[in-house]
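Coordinate analysis (summary)
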Amino acid sequence: MKKIFIALIAALSLGSFNASADITDLLKGLGSAASSEGAQSTAASGLEGLVKGLLSNSKLTEKDLVGSWKYSGPAVAFQGGNFLEKAGGAAAAGIIADKIAPYYKKVGIDKMTCVFNDDKTFEFKVGRVTLKGNYEVADAKNPDGSFWFNFTVGKIPIGKMKGHVEKQISTMTLTFDASKLITLVTTIAKVSGQSSLQAMSNLLNQYDGLNCGFELAKAK
């Protein structure tokens, strides 16, 4: 168990000391530490409440989203619950968020504002680009923070995307499966006349079970 915690501390420190490290190697290293101790299930149970970077259940309704919000940073989380994700989720999420922030800035997402209305419609403004649509809880009988978002840009339909929302008092995170996030950001880039974001796509496509999106703060 001592080896596992040493590996965990190294992982959580990695974002500060070596942001260019390979996340795959990082997670493999944590998994090896657990296997050598023969205590994978015990370690996973003990670490579950100590690290961030994983999607969690939240019983939110449409009313919880209502209000005006503004972008405050990238949001990254992993789906699922295996040991490697629990052990390396925080470090991996932080490094990936740092890497995608420049692409968000390039498109203008760093200035994005969002309004969720009580009639289940929304409007995102990214520079000169306006995304509109409607939203609803994915499963009203068993809410877990999942919502459907139906996006359009002008008369161009982007499609219906499933996103995950987590909310605190004055902050909220909105994340999508990485492939959906790529579609959304690429569409914004094209409409605003930006060049290709293939490099961001290549980055996000490296990781399975990755959700990416935005941290939002209440607009004053």
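Here's what I pulled together on the structure shown here. Treat the numbers as computed from the prediction; the structure is a model and nothing was measured. (Residues numbered from 1 in each chain as written. Predicted model: local features only at pLDDT ≥ 70, side-chain atom pairs only at ≥ 80, totals over all residues. Heavy atoms only, no water.)

Counting secondary structure elements, the protein chain contains seven helices and eight strands. Expressed as a percentage of the 220 residues in the protein chain, the buried residues total 45%. Taking as baseline every contact in the protein chain between residues at least 6 positions apart, the subset at least 24 positions apart corresponds to 65%. (Helix = DSSP H or I, 4+ residues; strand = E, 2+ residues; numbered from the N terminus. Buried < 20%, exposed > 50% of the residue type's maximum accessible area, 1.4 Å probe, protein only. Contact = heavy atoms within 4.5 Å.)

Enumeration over the complete set of coordinates arrives at three salt bridges. Put simply, K120 and E62 hold a salt bridge, and the shortest N to O gap is 3.8 Å. A residue pair is termed long-range when its members are at least 10 positions apart, and K120 in the loop between β2 (113–116) and β3 (121–126) and E62 in helix α4 (residues 62–65) qualify at 58 residues. Beyond isolated ion pairs, a larger network of salt bridges with shared partners links E123, K125 and K132. (Salt bridge = Lys/Arg side-chain N within 4 Å of Asp/Glu carboxyl O.)

Attention now moves to the nonpolar core. Nonpolar side chains in soluble globular proteins tend to end up buried together. Counting 50 residues, the largest nonpolar core has I109, F116, L131, F149, F151, L204 and F214 as the members making the most contacts within it. Discounting chain neighbours no more than four positions away, the residues touching F116 are L65, V66, G67, W69, T121, F122, F124, Y135, F149 and M172. (Core = buried A, V, L, I, M, F, W, Y, C linked by side-chain atoms within 4.5 Å.)

Looking now at the environment of L131. Tracing the backbone through its elements, the reader meets L131 in strand β4 (residues 129–137). In this structure L131 comes out as buried when scored by relative accessible area, which is 1%. Sequence-wise, L131 and I158 are 27 residues apart; in three dimensions their C-alpha atoms are separated by 9.3 Å.

The strand order β1-β2-β3-β4-β5-β6-β7-β8 describes a closed barrel built from eight strands, whose pairing is antiparallel. Across the sheet, the mean angle from the axis of one strand to that of its neighbour is 35°, orientation sign disregarded. With eight bridges joining them, strand β5 (residues 146–153) and strand β6 (residues 156–167) adopt antiparallel strand pairing. The residue of β6 that forms the bridge with F149 is M161. In the packing of helix α6 (residues 178–191) onto the sheet, contacts are made with β3, β4, β5, β6, β7 (171–177) and β8 (210–218), and the angle to β7 comes to roughly 100°. (Pairing = 2+ DSSP bridges. Axes fitted to C-alpha atoms, helices over the stretch in contact; angles between N-to-C directions.)

Residues in a regular strand point their side chains to alternate faces of the sheet. The pairing of β4 with β5 spans seven bridges and is antiparallel. Looking at the pairing, E136 lines up with W148 of β5.

This part is about the environment of A219. Residue placement: A219 occurs in the segment after β8. The exposure class assigned to A219 is partly exposed, which follows from its relative accessible area of 34%. Note: C-alpha distance between A219 and T171 (48 residues apart in sequence) is 9.7 Å. Residue contacts for A219: discarding those within four places in its chain leaves S68 and W69.

So, about the packing of aromatic side chains. Considering all chains together, one arrives at 15 aromatic pairs under this definition. Seen from their ring centres, F147 and F149 are 6.2 Å apart, and the 40° between their planes marks the pair as tilted. Of the residues examined, F147 reaches a relative accessible area of 0% and is grouped as buried. Judged by relative accessible area, which is 0%, F149 ranks as buried. Of the aromatic side chains, those joined through ring pairs into one cluster are F116, F122, F124, Y135, F147, F149, F151 and F176. (Phe/Tyr/Trp six-rings, centres within 6.5 Å; stacked < 30°, edge-to-face > 60°.)

On to the pairing of β4. Of the two faces of β4, the one holding V129, L131, G133, Y135 and V137 is buried and the one holding T130, K132, N134 and E136 is not buried anywhere. Of the pairings in the sheet, the one linking β3 to β4 comprises six bridges and is antiparallel in character. When the sheet's bridge partners are listed, K125 is paired in β4 with T130. Linking β3 back to β4 in an antiparallel pair, the connection comprises two residues, with G127 at a positive phi of about 60°.

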